[in-house]
Structure formats: structure tokens, C-alpha cells
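The lines below spell out each chain.
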Amino acid sequence: MREAAAEFSYMKEEEINARTKTLAKTEELLKTLGSTVRYGNIGIEDYTDIAGGTYETAFSAVTFRISDGLRYIAYRGTDDQILGFYEDAELAYSFPIKAQIAALNYTNGIFDKYGGGFYLGGHSKGGNLALFSFVFTKYENKERVVTVYNNDGPGFPEEYAEELFTESNVKKIVNISPESSIVGRMLESKGEFIIVKSSSAGIAQHNVFTWLTNGNEFEKAEKFSPLSEYLEDTFTESLSELPPDVMKKTVQAIYSIAKSSGIDKLDDVNKASVLAVIANILERNKNEEGVSGEVNEILRTLAKSLIGSIDVFRYVPDPDLRSVYENVKEKLKEKVKNGGEISDDEET
């Protein structure tokens, strides 16, 4: 790590713009790691990168040698670009995807090549690849795994999750997600769950550089935010019930609307872009005939989630107001549960 940090060519201050801010932070992190006693002597081995013609064939991984008898296999995930969410969402309607098969083949090769114990882990799509590689590798390899870290990555489709997350498997799985997690609550995942605080709000919390630390630990939160819970109750459940072809159209529609609304990366989610999203959804509903009702319902849910990502409590942190909001939300949920419908006024 020390040698890699010394040889890496860092970006000059004048070259850093909004689009490359996360990359610049990554470079700064590498330089810091290389200068420390704890990380400087870690070995970097067996890097691989596969880039195909479609999103689902993109795969990259590297193995870090902590000591002669202990290694960490890291699977690359997504960055702060909205394209990353497209990659994550593909996992909902196509299983397995080519990247998952590539990850399993890479993992089995590393197990065959080296002795000792292993950690597996990754962020976003990389966390899903770590889960997939672990649950599908052979029993002898699983015995050598210490822990699997899924850092705000999606799980598996419901019809597969029950069989894959066995009692013995979940004992080694740790899921780490921010309070307003969206990607990390897509599909089904099991194991230990750690909720961490973030310096950002809403969808932007997916960026690991916003996760807060206290010494050598994350600052933990007691529960997920109302936004994350809302998405878990609506958006994620809706996706799990859709046929694969409708789900694919939904994901493509979401990506298209985000792009046309000026949202290329997580930091682009603001009041102006939310209004653009709503306008684009309304325009889409007006101009496209024969569009699946399920797709449009999910798009409306997406608009609500983006509004929620602005996080009103960040600007009005009144505990009494939060209490009122929670009470109203619970009453409306109970009404729906009992077969009632929420009126437009009640929803507002």
C-alpha cells in the first residue's frame, strides 16, 4: 500500500471539479493509508478488471494481504454517479447477472491460490458481489471466511433469499448502511445490521465518505430514517412484486427521468432537480399511452422519495414536529392496513 500510494499520480487542486470530488477523496485516502503503520504494509494482489459492453458485465476486484495467513477480497461497487443505481437495480430483475458469476469465479480462484482466512466485502454493488460469492462458494471455502461485509449493497430477490441466507451463512454476514439507506434496503438481506450516521441527507448518504466516525468506529444510529422506512414499505415492496419485464422497464424509466432532470450524481439531488423529476413524470404520463400502471406508480413513489431526501428535519429539527410527523405516519399506515384509502388531503 505504501509503494502504491507513493507511485500514484495525484490530481492537482485546479483539476478537481464537482464531478471528480469523490475520486479526489479516494486518492487522498490512498495517500493517507500508505503513510500509516496499520495499512502501509498491506499487500495488493490479484487485481482484475472486466469491462463489457453492458452494465451487468462490469466487474473489478482486488485482494489485500493483511498478513501471510489473512486476506481481504474487495469487490468494486459503484461511485456517486446515478449510473451506479442503475447497476444496483438490475440485480432486482436479473439473477444471477454476469458480474456475480465473475465474482464467484474470482473468489474461488483466490481460495485455491492462497491458504489461511479471508474477509469478503464491498460497497453498493460490490457488497452484493461479496454476498453472492460467499453463499455460492463451496463449504470448505466458507469455513475459511471470517466475515462478509455488505456496505450499503442490495440483497437478493425474495424467491432466492430464503434458501441462500441459511442459519450458518448469516452468522458471518454484516450489513452496514447509513440512516437514509436506499440501495442497502433493496431486495432481501440477512445477518447483522449496523446503521451509521452520515454528514449528508437522503440519497447522498450512499457515498461512504459521508459516513461519520468516532475514533476507529462508525457513529451508530438507533434506527433507519423515515425516508428509508418509507422506501422499504413502498418502493422496495413494489419492485419485488413486479414481473421481470415490467421491472426492467421501470428501472430504465427511472434512469431516463433522472438523467433528463439533470441528476448525474448524488449531489445533484436538490429542490430544483426534484421539481424537474416531478415535471418529467407528469409529462411522461401525459405523452405515453399504454404505459404500465405499475411503472407509473413506482415513478410517483420515486418522486416522493426524492422529496423526502431533502430531509425537512435537517432544517426544522423541532422534536415536537418530528413527533407529530411520526404519529400521523403511523395512523395513515394503520388506516391502509385496515383496508382504507388515504385521501389527497391526508397525504399532503
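All of the points below concern the structure found in this document.

Criteria and thresholds
- Residues numbered from 1 in each chain as written.
- Predicted model: local features only at pLDDT ≥ 70, side-chain atom pairs only at ≥ 80, totals over all residues.
- Heavy atoms only, no water.
- Helix = DSSP H or I, 4+ residues; strand = E, 2+ residues; numbered from the N terminus.
- Buried < 20%, exposed > 50% of the residue type's maximum accessible area, 1.4 Å probe, protein only.
- Contact = heavy atoms within 4.5 Å.
- Areas by Shrake-Rupley, 256 points an atom, 1.4 Å probe, with all protein chains shown as cover.
- Core = buried A, V, L, I, M, F, W, Y, C linked by side-chain atoms within 4.5 Å.
- Salt bridge = Lys/Arg side-chain N within 4 Å of Asp/Glu carboxyl O.
- Pairing = 2+ DSSP bridges.
- Axes fitted to C-alpha atoms, helices over the stretch in contact; angles between N-to-C directions.
- Expected span 1.5 Å × (residues − 1).
- Phe/Tyr/Trp six-rings, centres within 6.5 Å; stacked < 30°, edge-to-face > 60°.

Our focus in this paragraph is the overall build of the protein. Helix and strand content of the protein: 17 helices and nine strands. Here the protein holds 348 residues, and 45% of them are scored as buried. The contacts of the protein with a sequence gap of at least 6 include a subset with a gap of at least 24, amounting to 68%. Counting every atom, the protein has about 18600 Å² of accessible surface; 52% of that belongs to carbon and sulfur.

Counting residues in hydrophobic clusters, the biggest one holds 32 residues, and the most contacted among them are F59, I73, Y75, L120, F134, V148 and F156. Those elements that provide at least two residues to this core are strand 2 (59–67), strand 3 (70–75), helix 5 (98–113), strand 4 (117–123), helix 6 (125–136), strand 5 (145–151) and helix 8 (158–164). Top contributing element to this core by residue count: helix 5, with seven residues. If near-sequence neighbours (up to four positions away) are discounted, I73 is found in contact with V62, T63, Y106, T107, I110, F118, Y119, L120 and G121. Counting five residues, the second-largest nonpolar core is a separate cluster that includes V174, I194, V196 and W211.

A few words now on the pattern of salt bridges. Note that side chains of opposite charge can pair when their charged atoms are close. One pass over the structure, following the stated rule, counts five salt bridges. Ionic pairing is found between E45 and R71, a salt bridge with its closest N-O pair at 2.9 Å. Of this pair, E45 sits in strand 1 (residues 43–50) while R71 sits in strand 3, and the two are 26 residues apart along the sequence. The same class applies to E45 and to R71, which are both buried. The salt bridge involving R76 is made with D49; its shortest N-O contact spans 3.0 Å. Taken as a pair, R76 in the loop between strand 3 and helix 4 (83–90) and D49 in strand 1 lie far apart in primary sequence, 27 residues in all. Residue R76 is classed as partly exposed on the basis of its relative accessible area, which comes to 48%. Take D49: its relative accessible area is 39%, and that puts it in the partly exposed class. A single salt-bridge network, built from bridges that share partners, covers E45, R65 and R71.

Here the focus is the sheet that holds strand 1. Read across the sheet, seven strands follow the order 1-2-3-4-5-6-7 without closing on themselves; strand pairing throughout is mixed. Taken across any chain shown, the strands that pair with only one partner, and hence form the sheet edges, are strand 1 and strand 7 (192–196). Looking at each pair of strands side by side, their axes are set apart by 15° on average, direction ignored. For strand 1 and strand 2, the ladder comprises six bridges, and the chain directions are antiparallel. Paired with G43 across the strands is R65, a residue of strand 2. Here helix 5 sits on the sheet in contact with strand 1, strand 2, strand 3, strand 4 and strand 5, set at roughly 25° to strand 2.

A separate point is the environment of E140. Its place among the elements puts E140 in helix 7 (residues 139–142). Sequence separation of E140 and F111 is 29 residues, and the distance between their C-alpha atoms is 9.6 Å.

With that settled, consider helix 6. Here helix 6 is 12 residues long and its end C-alpha atoms lie 17 Å apart, about the 16 Å a rise of 1.5 Å per residue gives. When you tally the buried positions in helix 6, you get 11 out of 12 residues, the bulk of the element. Every buried residue belonging to helix 6 is among K125, G126, G127, N128, L129, A130, L131, F132, S133, F134 and V135, and all of these are buried.

What follows covers the packing of aromatic side chains. Centre-to-centre distance and the angle between the planes together describe a pair of aromatic rings. Inspection of the entire model under this criterion finds eight aromatic pairs. Between F59 and Y106, the ring centres sit 6.2 Å apart and the planes meet at 65°, which makes this aromatic pair edge-to-face. Remark: Y106 occurs in helix 5 and F59 occurs in strand 2; sequence separation between them is 47 residues. You can call F59 buried: its relative accessible area is 2%.

Unlike most non-glycine residues, S124 shows phi in positive territory, near 60°. Tracing the sequence through the fold places S124 in the loop between strand 4 and helix 6.

So, about the side chain of N150. Relative to the helices and strands, N150 resides in strand 5. Taking relative accessible area as the criterion, N150 reaches 2% and is therefore assigned buried. Residue contacts for N150: discarding those within four places in its chain leaves G122, S124, G127, N128, L131, V174, N175, I176 and S189.

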